[in-house]
Amino acid sequence: MPIKTDRRCFLARGITGAAGMAAAYTSIEENTLRAAIEDGSAENEASDPQKPQTSIAPGSLPRGKIRDVSLSRLLIGGNLIGGWAHSRDLMYASKLFMAYNTEAKVFETLDLCMACGIDTIQLDPRCWPTVLKYNESRSQKIQTMPCVTLMADKAKMAEEIKRQVDLGATFIYSHGGVTDKHMMNGGTTDVIAQMVELIQAEGLPAGVGGHSLNMPIACERDKVGADFYVKTYHGDAYWSATPEDHRREYDWMGGWSFDHNTNHDNMWCNNPAETAEFMAKVQKPWVAFKVMAAGAISPRKAFVDAFRAGADFILAGMFDFQVEADVRTAIYALEKAEGRERPWRG
């Protein structure tokens, strides 16, 4: 007979048995998740359109602008929908991610984001159906920042951008991994500039994404004209970081080996100091992502470091039980970033 385990028992066991992962969570996050389990809200499969309860006062999370569009300084990543979990060599993480984040749970998470002041979600175009359904059922819509694949064919690129616009995109930028692959294989910035111009022709802010510092350097050198950059930033003070003398440009692009000195889905900003130094001279908004190195760095340290390094916005993946704590951490980090070297560009 198959053993049946309800979600409450599953989550309770997960908390008890995850002692090795405790450093990744704050006490606030643990308490929030425990409370959700105890009162049964973590197993609620029904969408609740009512505004969730939060002690964060409206307007507490600071905002900025990309071109003429206002958005919160903290964005949520769409990986809670798509299930993309960078988990080193843990094979079950993405499936666990998807099992927990049912559609109802995603809606609950987005409701909590909106109540706490996070008003923008980054997403892969494959995640549109869930976001559209959420926005159709809510009077207050969440803004969207989809990423698109670079295409040399101008007509196809224009068609894809128009599709994103018609779906309701607020911002559009190039997918970081695709941009990295394009540049790694010797591609020029002409294709990137073409994408930027097509997005801007639709009246939307246009961004360029990437993990490599080569991306903003090339775009600035060639005057691509992007409205913003989506670039990784995180330090290397965590156990699984690739040793500095073994880091290679684009080593995060795959081809992982069993050599512990090489990248194995564990690092996405090989040169944080150089990144901060270059971005200090860039007069465009910078959306920093992977700031926690996919859960290896605590939000309290990661957010402070990223904002102090010059990021104007932070894009972070969040579970529902992390949202309120992350917003409080972002508010704290923004206060700590007062007097930073790079002026606010957004």
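Keep in mind it's a predicted model, so treat the numbers as computed, not measured.

A. Spatial organisation of the nonpolar core. Grouped together as the largest cluster of nonpolar side chains are 84 residues, with contacts concentrated most on Leu-74, Ile-118, Ile-121, Met-195, Val-208, Phe-303 and Val-327. Excluding its chain neighbours within four sequence positions, the residues that come into contact with Ile-121 are Ile-76, Gly-77, Gly-78, Leu-80, Ile-81, Leu-110, Val-131, Ile-142, Gln-143, Thr-144 and Met-145. By size, the runner-up hydrophobic cluster in this structure holds 14 residues, among which are Cys-147, Val-230, Phe-289 and Leu-315.

B. Seen up close, the environment of Ser-70. Structurally, the position occupied by Ser-70 is in strand S2 (residues 69-72). Only 3.0 Å separates the side chain of Ser-70 from the side chain of Arg-63, close enough to count as a polar contact.

C. Highlighting helix H5 (residues 103-116). With 14 residues, H5 ought to run about 20 Å at 1.5 Å a step, and its terminal C-alpha atoms sit 20 Å apart, in line with that. Judged by how many residues are buried, H5 sits mostly within the fold: twelve of 14 residues are covered. Gly-117 sits one or two positions beyond H5 and adopts a positive phi of about 110 degrees.

D. The arrangement of the confidence of the model for the protein in detail. Looking at the protein as a whole, the pLDDT averages 87, with 86% of positions reaching at least 70. Scored below 50 in pLDDT, residues 1-25 makes 27 contacts in the model with residues more than four places away or belonging to other chains. Low pLDDT, under 50, characterises residues 40-48; the predicted model gives this stretch 20 contacts beyond four residues in sequence or across chains.

E. Layout of unusual backbone geometry. A positive phi is found at Arg-67, a non-glycine position, where the angle reads about 55 degrees. Mapped onto the elements, Arg-67 comes out in the loop between strand S1 (63-66) and S2. Look at Arg-67 and you get partly exposed, because its relative accessible area is 38%. One non-glycine residue, Ala-293, lies in positive phi territory at about 50 degrees. The topology assignment puts Ala-293 in the loop between strand S9 (286-289) and helix H12 (299-309).

F. Spotlight on the packing of H5 against helix H6 (residues 128-136). Interaxial distance between H5 and H6 falls to 11 Å at its minimum, and their mutual angle equals 60 degrees. Considered as vectors, H5 and H6 are oriented oblique to each other. For H5 against H6, the interelement crossing comes out right-handed. Counted together, Glu-103, Val-106, Phe-107, Leu-110, Asp-111 and Met-114 of H5 and Thr-130, Lys-133 and Tyr-134 of H6 form the full contact between these two elements. Counted by class, the contact of H5 with H6 contains five nonpolar, one polar and three charged residues.

G. Quick peek at the pairing of strand S3 (residues 74-77). In S3, alternate side chains face the same way, and those of Leu-74 and Ile-76 on one face and Leu-75 and Gly-77 on the other are all buried. With two bridges joining them, S3 and strand S4 (residues 120-123) adopt parallel strand pairing. Within S4, the position partnered with Gly-77 by the bridge is Gln-122.

H. Structural view of a negative patch on the surface. On the surface, a cluster of negative charge is contributed by Glu-244, Asp-245, Glu-274, Glu-277 and Glu-341. Here Glu-277 is to be found in helix H11 (residues 272-279). With a relative accessible area of 57%, Glu-277 lands in the exposed category.

I. Spotlight on the packing of H5 against helix H13 (residues 320-336). For the pair H5 and H13, the least separation of the axes is 9 Å and the interaxial angle reads 15 degrees. On the basis of their axis angle, the class for H5 and H13 is roughly parallel. Classified by chirality, the crossing of H13 by H5 is right-handed. In this structure, H5 uses Lys-105, Glu-108, Thr-109, Leu-112, Cys-113 and Cys-116 to contact H13, whose residues at the interface are Asp-320, Val-323, Glu-324 and Val-327.

Parameters at a glance
Residues numbered from 1 in each chain as written. Predicted model: local features only at pLDDT ≥ 70, side-chain atom pairs only at ≥ 80, totals over all residues. Heavy atoms only, no water. Core = buried A, V, L, I, M, F, W, Y, C linked by side-chain atoms within 4.5 Å. Buried < 20%, exposed > 50% of the residue type's maximum accessible area, 1.4 Å probe, protein only. Contact = heavy atoms within 4.5 Å. Helix = DSSP H or I, 4+ residues; strand = E, 2+ residues; numbered from the N terminus. Polar contact = N/O pair within 3.5 Å; in protein donor to acceptor, adjacent residues only side chain to side chain. Expected span 1.5 Å × (residues − 1). pLDDT = per-residue confidence, 0-100. Axes fitted to C-alpha atoms, helices over the stretch in contact; angles between N-to-C directions. Parallel < 35°, antiparallel > 145°, perpendicular 65-115°, else oblique. Left-handed = near helix turned anticlockwise from the far one by under 90°. Nonpolar A, V, L, I, M, F, W, Y, C, P; charged D, E, K, R; others polar. Pairing = 2+ DSSP bridges. Patch = residues over 30% accessible without salt bridge, like charges linked within 9 Å, V, L, I, M, F, W, Y side chains within 5 Å. Areas by Shrake-Rupley, 256 points an atom, 1.4 Å probe, with all protein chains shown as cover. Salt bridge = Lys/Arg side-chain N within 4 Å of Asp/Glu carboxyl O. Lys, Arg positive; Asp, Glu negative; His and termini not counted. Charge placed at Lys NZ, Arg CZ, Asp CG, Glu CD.

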